[in-house]
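Given next are the chains, with one letter for each unit.
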Amino acid sequence: MHSISLKEFKEYFDSQYMSLCLFANKYIGDMEIAKDIVQDVFVKIWEEKITFKNESNIKTYLYTSVKNKSLDFLKSKTYKATNKLTDLDIQKLETEPFFLREVVVQETSKIIHEAIATLPKKCAEILLLSIQDYSNQDIANELQISINTVKAQKKIAYKKLKPILKEYFLFIVFTLE
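Structural notes, computed from the coordinates. (Residues numbered from 1 in each chain as written. Predicted model: local features only at pLDDT ≥ 70, side-chain atom pairs only at ≥ 80, totals over all residues. Heavy atoms only, no water.)

**Topic: the overall build of the protein**
Secondary structure summary: the protein contains ten helices and two strands in total. Starting at the N terminus and walking to the C terminus, you meet the elements of the protein as β-α-α-β-α-α-α-α-α-α-α-α. Considering only intrachain contacts with a sequence separation of at least 6, the fraction spanning at least 24 residues in the protein is 60%. (Helix = DSSP H or I, 4+ residues; strand = E, 2+ residues; numbered from the N terminus. Contact = heavy atoms within 4.5 Å.)

Structure below.
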């Protein structure tokens, strides 16, 4: 076990911050508060010089800490005074299946977006719109290109993504079910 260096800390922060914010937001429903929670977790790691055995332990710690801080926030008197979240709602958020599903969704999303980032700019742009449920016609209109160009670019994107995502295929399929 070792303390993480400033460089390692920054790398973890940069690579995990947005996924953790989205994860916290699933509990909180407020992105600004979710960001504060994630920042608090990272500050604690740095200030207390928490050590980890490996990268898997860091991710486990981060997700678990964010979950716990989010639940603590939801149980706070301040939150309960202004929101209508019931104890039953909080119990559902505390379950292991909810936690695991949200971790898998965030990690899968991160893997897919990292793979899309390796594509040529136009392919990536078209695929990102497609993921947001834009139809081929909507994409063509949005980007002011022909529908055949959209189809051709999507075909190129899928061909390039297939080998990149192949090792994650079962993980992704399991997640999307």
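**Things to note about the pattern of salt bridges**
Tallied over the entire structure, the rule returns four salt bridges. Among the salt bridges present, the one from Lys 7 reaches Glu 11, with a minimum N-O distance of 4.0 Å. Of this pair, Lys 7 and Glu 11 are both found in helix H1 (residues 6-28), four residues apart, which corresponds to roughly one turn of the helix. For Lys 7, a relative accessible area of 61% corresponds to the exposed category. (Salt bridge = Lys/Arg side-chain N within 4 Å of Asp/Glu carboxyl O. Buried < 20%, exposed > 50% of the residue type's maximum accessible area, 1.4 Å probe, protein only.)

**Some thoughts on the side chain of Lys 67**
By the element assignment, Lys 67 lies in helix H3 (residues 55-75). Lys 67 has contacts with Phe 23, Tyr 27 and Phe 99, leaving out every residue within four places of it along the chain.

**Side note on the nonpolar core**
By size, the foremost hydrophobic cluster in this structure holds 30 residues, and its most contacted members are Tyr 27, Val 38, Ile 45 and Val 66. Ranked by residue count, the leading element in this core is H1, at nine residues. The residues contacting Ile 45, other than those within four sequence positions of it, are Ile 4, Phe 9, Ile 50, Phe 52, Tyr 61 and Leu 62. By size, the runner-up hydrophobic cluster in this structure holds ten residues, among which are Ile 111, Ile 116, Cys 123 and Leu 165. (Core = buried A, V, L, I, M, F, W, Y, C linked by side-chain atoms within 4.5 Å.)

**Here we look at helix H7 (residues 121-131)**
Buried within H7 we find Cys 123, Ala 124, Ile 126, Leu 127, Leu 129 and Ser 130. Check the buried side of H7 and you find it contacts helix H6 (96-116), helix H8 (136-143) and helix H9 (147-165). One or two residues past the end of H7 sits Asp 133, with phi positive at roughly 70°.

**Remarks on the environment of Leu 128**
Looking at where Leu 128 falls in the secondary structure, it is placed in helix H7. Separated by 15 residues in the primary sequence, Leu 128 and His 113 place their C-alpha atoms 8.5 Å from one another. The residues contacting Leu 128, other than those within four sequence positions of it, are His 113 and Ile 116.

**With respect to the packing of H8 against H9**
Where H8 contacts H9, the two axes come as close as 8 Å, and the packing angle between them is 110°. When the interaxial angle is binned, H8 and H9 end up roughly perpendicular. Within the contact between the two elements, H8 uses Asn 136, Gln 137, Ile 139 and Ala 140 and H9 uses Ile 147, Val 150, Lys 151 and Lys 154. Per-class residue counts for the contact of H8 with H9 are four nonpolar, two polar and two charged. (Axes fitted to C-alpha atoms, helices over the stretch in contact; angles between N-to-C directions. Parallel < 35°, antiparallel > 145°, perpendicular 65-115°, else oblique. Nonpolar A, V, L, I, M, F, W, Y, C, P; charged D, E, K, R; others polar.)

**Some details on the environment of Ile 37**
Along the chain, the position of Ile 37 falls in helix H2 (residues 31-47). Between the C-alpha atoms of Ile 37 and Asn 25, which are twelve residues apart in sequence, the distance is 9.6 Å. In this structure, Ile 37 is in contact with Ile 28, Val 66, Lys 69, Ser 70 and Phe 73, ignoring residues within four places of it in sequence.

**Here we look at the packing of H6 against H7**
The N-to-C vectors of H6 and H7 enclose an angle of 150°; their axes lie 10 Å apart at closest approach. Considering the angle they form, H6 stands roughly antiparallel to H7. On the side of H6, the interface is formed by Ile 112, His 113 and Ile 116, while H7 contributes Ala 124, Leu 127, Leu 128 and Ile 131. Split into classes, the residues belonging to the contact of H6 with H7 amount to six nonpolar, one polar and no charged.

**What about the packing of aromatic side chains?**
Within this structure, the stated rule accounts for six aromatic pairs. Here Phe 13 and Phe 42 contribute two aromatic rings whose centre-to-centre distance is 4.9 Å and whose plane-to-plane angle is 70°, an arrangement assigned as edge-to-face. Placement of the pair is Phe 13 in helix H1 and Phe 42 in helix H2, with a sequence separation of 29 residues. The class for Phe 13 is partly exposed, based on a relative accessible area of 25%. An aromatic cluster is defined as three or more aromatic residues linked by ring pairs; in this entry it consists of Phe 9, Phe 13, Tyr 17, Phe 42 and Trp 46. It is Lys 49 that lies over the ring of Trp 46; its NZ or CZ is 5.4 Å from the centre. (Phe/Tyr/Trp six-rings, centres within 6.5 Å; stacked < 30°, edge-to-face > 60°. Lys NZ or Arg CZ within 6 Å of the ring centre and 35° of its normal.)

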